[in-house]
Structures are given as C-alpha cells and as structure tokens.
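Residue strings, one per chain:
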Amino acid sequence: MENLIYAPKNGFDRLNETDRAELESYCRRYMDFMDAAKTERESVTETIRIAEQHGFREFQAGMALQPGDRVYANNRGKSIIFAVIGREPLSRGCHITAAHADSPRLDIKPNPLCEDSELAFLKTHYYGGIKKYQWTTIPLALHGVITTQDGAVHTVTIGEDESDPIFCVTDLLIHLAADQMKKTLADGVTGENLRVLMGTQPIEGEGSDRVKKNILSLLHEKYGIVEEDLLSAELTMVPAGKCREVGLDRSMISAYGHDDRVCVYAEFEPLLDLETPAYTAVCVLADKEEIGSVGVSGMQSQFFENFMADLCDIQDVKLRHCLAASTCLSADVSNAYDPLYAETCDKQNNSRLNYGISLCKYTGSRGKGGASDASSELFNKIRTIFNRAGVLWQIAELGKVDQGGGGTVAAYMANRNIDTLDAGVPVLSMHAPMELVSKLDAYMTMKAMRAFYLAK
Ligand code: MN
Ligand code: MN
C-alpha cells in the first residue's frame, strides 16, 4: 500500500510549477511588509494602508454589509481585525485566523535618559522572552510614538534609513571578561545593563549632565519635546536594518520579528483579493502575545467579542451562536528542527524547514500545561482542507516533553468556545534579534490561510 507509512518528502520535491512561480514574488512582498512594519503599531498602519487600496473600509456598528464587503476595526492603532463577509449567515460561523504583530524587543523605561561618566544612555526594560546577551553590540533602531500635551502624536523611527544614526548596547571586552565568562548565559548580561548608548558629546557651556542635555536638545529640535514628554512616550529599540535573503541558494529569509509577522502577513495578504467566501473570513492581528496576550490590545481583550457582536447584530444573529460555529487557526510560529541542538527536540514530532506550514495540536509545557489541545475532528478537518488545496503541511511540537514549552493565542480563542488549532511557520533562532524562516514555509502558510478562508 502506497500511503501505509507517513513519510513526507522535502517540500522542494513536492512543489508544483505554480507554487514555484508564486513563491519568490510572495516572499518579496512579505519582505517589503517586514521592512515597513517592525512593531505592532507599524503593522496596523501598514496593513490599513494596503487594505484600503483593496476596498476595505473602517467598520461602523450598524452599517449595512453584504456578502463580499470588506471591513476593518482598528483597536487603538495597536491591534486590528479585518473581515470579508461571507455568503453564509454568521450563525453558521466564521473562519478566523489570529496572529500577533508584537515581537520581543527592548522597551524604553518611563524615565529613561541618564548620563554616566559623560556618556548618555536610554534605560530599557525588555519586552517578551529574550536571551539578553544576544542584544549587545548589534545595530538598534528607535521606534514608537511620543505624544505631547497639545494632542500631537509624533511617530519616531531613527536608525532604519541609511543616513540615520543607529544605537547599541555595549559589551565588555573579552580581555577583561574573566569573571563575566564564568557566569551562566542567563546572568552574563543583566537586564539593567541593557542600556542603550545615545551619545557622547556635551552641550556647550557649564554645569552637569551636559551630554544628556545635548541629547534632549536634539530631541527638542527634531520633535519639539521636553524630557517630561518622554515619561508618557511609548518607545522601543528593535534590531536595525532590513530583511535579507539567506544562504547561497537564497532559500531563507532573515528578519527581526518573523515571530509572528510571518504569520501576520500570511493571513493578511490572501484577504486582499479574496472572492466572496462561503463563511465570513476574519483575520485578527493581536498585540501583547509575547507577554501573555493581556491588556486592551491583547487577544484576551473584549475588543474581539465587541467587534464580533457588532457584526452579528447586523444579521440579527447571537454572538454565542456565531462563535460556537466558528473555526480558528491560531497562526503562530513553531521551532524548526536545528541539528545543532538536537538534544532539545523529539525529531519525529518537530517541525522542519521546507516541509510546509506546521500544525500544532497542542502547545504548553510540562504536561501540556496552558495548552489548547485541539480535537482529532478539528485537526482532521484542517488537514483535509490543506490536502485538497495542495498545501504542504507538517506537524509541530515545541521541544522534548520535559524541556520547556510555550503558548500562543490559541487558548484564548478556544476559551471563547471557538474550535482552534495552532498553525504556522517553522523558525530557526526564534526570539533572537535575527530569526530565520524558509521561503517555502512562509509561502505555504499563506497558501494554507487562503485555502482556509475559501473552504466550504
Ligand atoms: Mn509567537
Ligand atoms: Mn514569541
């Protein structure tokens, strides 16, 4: 019997001609998106810009909506929901995809600017799970917003343009690192030492903190702000620079924040030219996943229910009936198998580069703690959709049983009585300042999301 044994081949041995042609152009568009959207705010701005060119309009409660209509609901500029209205009533449920647009980074502390030994620094408090030592001596860019009391919102991006300066966190020279090198990787660089060097030149005149004053005067020149305005700002340091192709065969892409914008773009792009689907397609770009999906813009926020309830009201459908009939793909990355760290994984159950979108029945850690464990029925429904559409897929489990683990937004969707399965792109060096994905997997994940939207 031909299929008796499950023995998938490398994706490159299974790609058809259409896939081969579309893969490169899709990845080019994904890379452009990544260069424009390095934070959740920038992801919202950029997706709205693109969506409006494709007929999406801002959702208003009570507006008349017909099958094929396209709307979005912007949650405070930090998370967003897109929807394309289907032919079936909402009582038959929606096909929902949910990814997160936030990534680990160095957030700037509320009172950040300090001077020590005539060097000016911005203090940081890291956001999400990072290996702190990875964030020293790499080029950093400042992103975010500064709001002023006149109501103005100043968008900050410094370090991305070739002519911009960049920033960085210093590290101790190896010659004097005898003590540091004996520490564990966790302790070698402390959180408080992730201080970003901002400048060294004192302002003219007498007095103390002249380097800090010079930095403040430059900020005032550029944005018209004073130090107190920094206290209410929302600023972050992210790795500077653009996406690049990786490998002599150019089969991979490096970027900051593939987790989870590689899934954000994969679930967003197919909506743009989606023909009227059978079921209403809903695409959520959530914030705050990296710190527990909490807060007003996280996946646990009531914003999602409120939007869905407003949609349901238009068709006189009860929200709970819509959610109960809905299906969700929690689109988040998995860890690609890395032979350098083979001892951390069960290879037979780990996702691998170039085997397509990974389906993860459960996440969690140590006895599936915190997991949304998808049912056999749901997993089967999704794999059937993918197989029929020619989507290459594989399974994923996050590491060996006792090794660790992680979570996604899946549990928060499932808690709402929505059938939910994790599905996403395998990543090498996840949560590092530079992450890697394969072009084939990124493309297959987009193809999977499209097939899911179009499923009958
Ligand atoms: Mn993630
Ligand atoms: Mn993550």
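Fair warning: this is a prediction, and the values are worked out from it, not measured in the lab. (Residues numbered from 1 in each chain as written. Chains lettered and ligands numbered in written order. Predicted model: local features only at pLDDT ≥ 70, side-chain atom pairs only at ≥ 80, totals over all residues. Heavy atoms only, no water.)

S.K.: Outline the overall build of the chain, listing residues and values.
M.R.: If you tally the helices and strands in the chain, you get ten helices and 22 strands. Across its three principal directions, the C-alpha atoms of the chain cover 80 × 55 × 40 Å. Burial analysis of the chain (456 residues in total) assigns 53% to the buried set. Sequence-distant contacts in the chain: of pairs separated by 6 or more residues, those separated by 24 or more amount to 75%. (Helix = DSSP H or I, 4+ residues; strand = E, 2+ residues; numbered from the N terminus. Buried < 20%, exposed > 50% of the residue type's maximum accessible area, 1.4 Å probe, protein only. Contact = heavy atoms within 4.5 Å.)

S.K.: Requested: an account of the packing of aromatic side chains, with residues and values cited.
M.R.: Here the structure, examined in full by the defined rule, presents eleven aromatic pairs. Judged by centre distance (6.1 Å) and plane angle (35°), the rings of Tyr 30 and Tyr 265 are tilted. Placement of Tyr 30 in helix α1 (residues 17-36) and of Tyr 265 in helix α5 (residues 258-272) is noted, with a sequence separation of 235 residues between them. Both residues of the pair, Tyr 30 and Tyr 265, belong to the buried class. Site record: aromatic cluster; members linked through ring pairs are Tyr 26, Tyr 30, Phe 33, Phe 56, Tyr 72, Phe 82, Tyr 265, Phe 268 and Tyr 443. The ring of Tyr 127 has Arg 105 sitting right over it, with the charged end atom 4.0 Å from the ring centre. Positioned above the aromatic ring of Phe 121 is the side chain of Arg 195, whose terminal nitrogen or guanidinium carbon lies 5.8 Å from the ring centre. (Phe/Tyr/Trp six-rings, centres within 6.5 Å; stacked < 30°, edge-to-face > 60°. Lys NZ or Arg CZ within 6 Å of the ring centre and 35° of its normal.)

S.K.: Go over the coordination of the manganese ion (ligand 1), please, and point to the residues and values.
M.R.: Protein coordination at the manganese ion (ligand 1): the donors are His 100 (NE2), Asp 259 (OD), Asp 332 (OD) and Asp 332 (OD), at 2.2 to 2.5 Å from the metal. Every donor residue of the manganese ion (ligand 1) comes from the same chain, spaced as H-x158-D-x72-D. In this structure the manganese ion (ligand 2) is found 3.4 Å away from the manganese ion (ligand 1), and Asp 259 serves as a bridging donor for the pair. Linking His 100 in strand β4 (residues 94-100) with Asp 332 in the loop between β14 (327-331) and β15 (334-335), this pair joins segments that are 232 residues apart in sequence. Exposure class is identical for His 100 and Asp 332. Each is buried. (Donors = N, O, S within 2.8 Å, 3.2 Å for Na, K, Ca; no water.)

S.K.: Explain the environment of Ile 108 to me, and be specific about the residues and the numbers.
M.R.: Tracing the backbone through its elements, the reader meets Ile 108 in strand β5 (residues 105-116). Judged by relative accessible area, which is 13%, Ile 108 ranks as buried. Taking C-alpha positions, Ile 108 is 39 Å from Trp 393, a pair spaced 285 residues apart along the chain. With near-sequence residues (within four places) excluded, Ile 108 lies in contact with Leu 122, Lys 123, Thr 124, Leu 142, Leu 235, Thr 236 and Met 237.

S.K.: Break down the pattern of salt bridges for me, citing the residues and quoting the values.
M.R.: Counted according to the given criterion, the structure contains 21 salt bridges. Between Glu 24 and Lys 439 there is a salt bridge, and its shortest N-O distance comes to 2.9 Å. With Glu 24 in helix α1 and Lys 439 in helix α10 (residues 439-454), this residue pair connects regions lying 415 residues apart in the sequence. For Glu 24, a relative accessible area of 40% translates into the label partly exposed. In this structure, Lys 439 and Glu 245 form a salt bridge, with 2.6 Å as the shortest nitrogen-oxygen distance. On the criterion of sequence distance, the pair formed by Lys 439 in helix α10 and Glu 245 in strand β11 (residues 244-246) is long-range, its members being 194 residues apart. Residue Glu 245 is classed as partly exposed on the basis of its relative accessible area, which comes to 31%. Beyond isolated ion pairs, a larger network of salt bridges with shared partners links Glu 24, Glu 245, Arg 250 and Lys 439. (Salt bridge = Lys/Arg side-chain N within 4 Å of Asp/Glu carboxyl O.)

S.K.: Lay out the coordination of the manganese ion (ligand 2) in plain terms, naming residues and giving numbers.
M.R.: Asp 259 (OD), Glu 290 (OE), Glu 290 (OE) and His 431 (NE2) make up the full set of protein donors to the manganese ion (ligand 2), lying at 2.1 to 2.6 Å. Considered as a linear motif, the donors of the manganese ion (ligand 2) on their single chain read D-x30-E-x140-H. The exposure class assigned to Glu 290 is buried, which follows from its relative accessible area of 13%.

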